[in-house]
Amino acid sequence: MENTKTDIFLWQQIKKGDITSFEKLYDIYADVLLTFALQYTNEPTIAKDAIHDVFLDIYKYRNGLAESVNVKSYLFKITQRNILKKNKASQKIFHINTDYDTVTPKEESFEETLIEEENNLELNSKLAYAMQDLTEKQRTALFYRFNEDKPYEEIASILGISIESCRTLIYRCLKELRKKL
């Protein structure tokens, strides 16, 4: 999937804080993402919440967004992750009571869920900030490896480096990010 010129332009404008471009990107992808999201959940409210969270995070963390990103792929991947996270959070955790040999449902408390979400937001914010210190080549390599799930061979070909150099580049990026986090 290739970026359209419109996607690239809107992405760049969003990074600058342009709310109109943000709204246009939302209008372009919201319905398509909803159809996609409903493949992962039967709950339209969960699907809509996940999509709104994606766009909220994009605008909220716009300063830390990567310069070159396949916008469409990014939106689909993040929407999928949000849906899976929301599905997991909505499932009940079962606790086996050995005294009675019965299974009793135990839901996570609202506070635990809120703390987990805050920790995730803080970690994402730190990650976005740490990513800014990486070179464009490093960010591109990480994007292809983790967002596009491309093999090292393909990434090496795209970047014009050897496979071993590609592995080393990604390894060093991850090591650097771990150190900063």
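Please refer to the structure higher up on the page.
Residues numbered from 1 in each chain as written. Predicted model: local features only at pLDDT ≥ 70, side-chain atom pairs only at ≥ 80, totals over all residues. Heavy atoms only, no water.

## Things to note about the pattern of salt bridges
If you walk through the whole model with that rule in mind, you get five salt bridges. Residues Glu136 and Arg139 are paired through a salt bridge, measuring 2.9 Å at the closest nitrogen-oxygen approach. Pair noted here: Glu136 and Arg139 are both in helix H6 (residues 136–147), with a separation of three residues, about one helical turn. On the accessibility criterion, Glu136 (34% relative accessible area) is partly exposed. We classify Arg139 as buried; its relative accessible area is 17%. Because the salt bridges share partners, they merge into one network encompassing Asp133, Glu176, Lys179 and Lys180. (Salt bridge = Lys/Arg side-chain N within 4 Å of Asp/Glu carboxyl O. Helix = DSSP H or I, 4+ residues; strand = E, 2+ residues; numbered from the N terminus. Buried < 20%, exposed > 50% of the residue type's maximum accessible area, 1.4 Å probe, protein only.)

## Overview of helix H3 (residues 44–60)
Taking 1.5 Å of rise per residue, 17 residues should cover 24 Å, and H3 covers 24 Å from first to last C-alpha, within 8% of that figure. The complete set of buried residues in H3 reads Ile46, Ala47, Ala50, Ile51, Val54, Phe55 and Ile58. (Expected span 1.5 Å × (residues − 1).)

## Comments concerning the environment of Ile19
Mapped onto the elements, Ile19 comes out in helix H2 (residues 19–37). When the C-alpha positions of Ile19 and Tyr59 are compared, they lie 8.5 Å apart, and in sequence the two are 40 residues distant.

## Some thoughts on the side chain of Gln13
Position of Gln13 relative to the elements: it lies in helix H1 (residues 5–15). Residue Gln13 is classed as buried on the basis of its relative accessible area of 17%. Beyond its immediate stretch of four places on either side in the chain, Gln13 contacts Asp18 and Ser21. (Contact = heavy atoms within 4.5 Å.)

## As for the packing of aromatic side chains
Following the criterion strictly, the structure yields seven aromatic pairs and no others. Judged by centre distance (5.1 Å) and plane angle (55 degrees), the rings of Phe22 and Tyr59 are tilted. Of this pair, Phe22 sits in helix H2 while Tyr59 sits in helix H3, and the two are 37 residues apart along the sequence. Ring centres 4.9 Å apart and planes at 75 degrees place the aromatic pair Tyr26 and Phe55 in the edge-to-face group. (Phe/Tyr/Trp six-rings, centres within 6.5 Å; stacked < 30°, edge-to-face > 60°.)

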